[in-house]
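# Chains, contacts and geometry: an overview
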Amino acid sequence: CVCTENCFVATSEIIAVEETELNKKQRNSGKWQKMGKPHAFTVYYVKKARNHRWRCSDVTFWCADEHLCNQWIQALKELLEMQKSRPKQLLVYINPYGGKRQGKRIYEQKVAPLFSLASISTDVVITEHANHAKDNLFEVNINKYDGVVCVGGDGMFSEVMHGLIGRMQKDSGIDQNNPKAPLVQCNIRIGIIPAGSTDCICYSTTGISDPVTSALHIIVGDCQPLDVSSVHHNNTFLKYCVSLLGYGFYGDILKDSEKKRWMGPMRYDYSGFKTFLTHHYYEGTISFQPAKYTVGSPRDKYSCRTGCYICKKSEQQLAQQQKQCGLKHEEEEEWKVIKGKFLAINAVNMSCACPRSPKGLSPAAHLADGSTDLILVRKCSRFDFLRYLVRHTNQDDQVCIPF
């Protein structure tokens, strides 16, 4: 076989292999005229570009022997079949109202053709109201799917996550209202196709908010564990969180922006400016347990990515500690208490990076190290608080301010 260009493609990055029909112009071009009846096949693969961007590229192989051509096609398809982490059947939820209301178009034009090329079967549900996907996940036969894909923003991901985790606990007889109940781990993966306003979760996990890149990650079977926090009040379950749990400034923004969803992504700018001018602070007491069994630090220089050594090491140490001491040991650990007046109280499970904040609130936060980064912003002047907010948009250290 002759390759049309010099390149090396790893099996794990091959999307599909197809026999190629040669047109008359190709048959009569250059050295292929010397072949009596040339045959060809095309390999579609992932091409990695700058800034974590992935694209689907292809390379065509030619040969004069039809039998040899078919052997190559069969051998490559068998190699792809051996990639057990790849999905074959997906349940897709599309939010047509999120962000700039482009979710359906993005999926049909950019994602569906790639899934079809990779021979992935899909069942598509276009959501019609809030919690449509969550409610539907309690009813469908989820065991027939290799994963669930949400096309939308962070809210859509949260809805699918709540549906899947809630379904797993319901099927296992676990009471979610009990904060001490050990939850059953969800063994069905969630894929995100960004089509929202901020796409924080997608950006923090893949490094970019790009539908094609996310689709290709799903196709090749990439998997990234995430820490999930549960929020309870008076033994009543409220919600799960994988990104930001905010009280004060950020909580007020989200609360106010929900009333202005008709504004689209601009609602965050409007609500943020409005909340900044009010300059509300909250007096209270915060109790927390310092993480003792994690390897990382909020001042680390490296961003967390798939296969992160710190996440793997932290998971091993945490599992070993729980095996030796059990859950009761956590209750006996010393709690630290901080009292004061705060403009913002944030707990983040990931960097919370997005296109507007490339480093996020906590740039070194790890995706699956079993801990959360607690960020407390004490009462300060509007000018100092503005300095803190501006840091989210640049490359400066996010946590080196005295307040």
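Scroll up to find the structure.
These remarks concern the structure in this document.

Criteria and cut-off values
- Residues numbered from 1 in each chain as written.
- Predicted model: local features only at pLDDT ≥ 70, side-chain atom pairs only at ≥ 80, totals over all residues.
- Heavy atoms only, no water.
- Helix = DSSP H or I, 4+ residues; strand = E, 2+ residues; numbered from the N terminus.
- Buried < 20%, exposed > 50% of the residue type's maximum accessible area, 1.4 Å probe, protein only.
- Contact = heavy atoms within 4.5 Å.
- Axes fitted to C-alpha atoms, helices over the stretch in contact; angles between N-to-C directions.
- Parallel < 35°, antiparallel > 145°, perpendicular 65-115°, else oblique.
- Left-handed = near helix turned anticlockwise from the far one by under 90°.
- Nonpolar A, V, L, I, M, F, W, Y, C, P; charged D, E, K, R; others polar.
- Phe/Tyr/Trp six-rings, centres within 6.5 Å; stacked < 30°, edge-to-face > 60°.
- Core = buried A, V, L, I, M, F, W, Y, C linked by side-chain atoms within 4.5 Å.
- Pairing = 2+ DSSP bridges.

### Brief notes about the overall build of the protein chain
Assigned secondary structure in the protein chain consists of 12 helices and 14 strands. Relative to its full complement of 403 residues, the protein chain shows a buried share of 44%. Contacts in the protein chain between residues far apart in sequence, at least 24 positions, make up 73% of those at least 6 positions apart.

### Points about the packing of helix 8 (residues 249–258) against helix 9 (residues 266–278)
In the contact formed by helix 8 and helix 9, the axes pass within 9 Å of each other and the chain directions differ by 130°. What the angle tells us is that helix 8 and helix 9 run oblique. In the crossing of helix 8 with helix 9, the sense of the turn from one axis to the other is right-handed. Where helix 8 abuts helix 9, its residues Phe 249, Asp 252, Ile 253, Leu 254, Asp 256 and Ser 257 lie against Arg 267, Tyr 268, Ser 271, Gly 272, Lys 274, Thr 275 and Phe 276. For the contact of helix 8 with helix 9, the residue count by class is 5 nonpolar, 4 polar and 4 charged.

### Some details on the packing of aromatic side chains
On inspection of all chains with the given rule, the structure shows 9 aromatic pairs. Arranged with centres 6.0 Å apart and planes meeting at 20°, the rings of Phe 385 and Tyr 388 form a pair that is stacked. Of this pair, Phe 385 and Tyr 388 both sit in helix 12 (residues 382–391), 3 residues apart, which is roughly one turn of that helix. Like Tyr 388, Phe 385 is buried.

### Comments concerning the nonpolar core
The nonpolar side chains of a soluble globular protein tend to be buried with one another. Counting 48 residues, the largest nonpolar core has Tyr 93, Leu 137 and Phe 385 as the members making the most contacts within it. Looking at this core, the element that brings in the most residues is helix 5 (residues 154–172), giving 7 residues. In contact with Leu 137, other than residues within four places in its own chain, are Leu 91, Tyr 93, Ile 142, Val 148, Val 160, Gly 163, Leu 164 and Arg 167. Core analysis: the next-biggest nonpolar cluster, separate from the first, contains 26 residues, Ala 16, Leu 114, Leu 216 and Ile 219 among them.

### Brief notes about the sheet that holds strand 8 (residues 189–194)
In space, the 4 strands of this open sheet follow the order 6-5-7-8, with parallel pairing throughout. Both outer strands of the open sheet, strand 6 (121–126) and strand 8, are each paired with one neighbouring strand and no more. On average, each strand axis in the sheet is inclined to that of its neighbour by 20°, with strand direction left out of account. Examined bridge by bridge, strand 7 (residues 147–152) and strand 8 share 6 bridges and lie parallel to one another. Within strand 8, the residue paired with Gly 147 across the bridge is Arg 189. Helix 5 contacts strand 5 (89–94), strand 7 and strand 8 of the sheet and is inclined by roughly 155° relative to strand 7. Packing against the sheet, helix 7 (residues 211–219) makes contact with strand 5, strand 7 and strand 8, and its axis sits at approximately 160° to strand 8.

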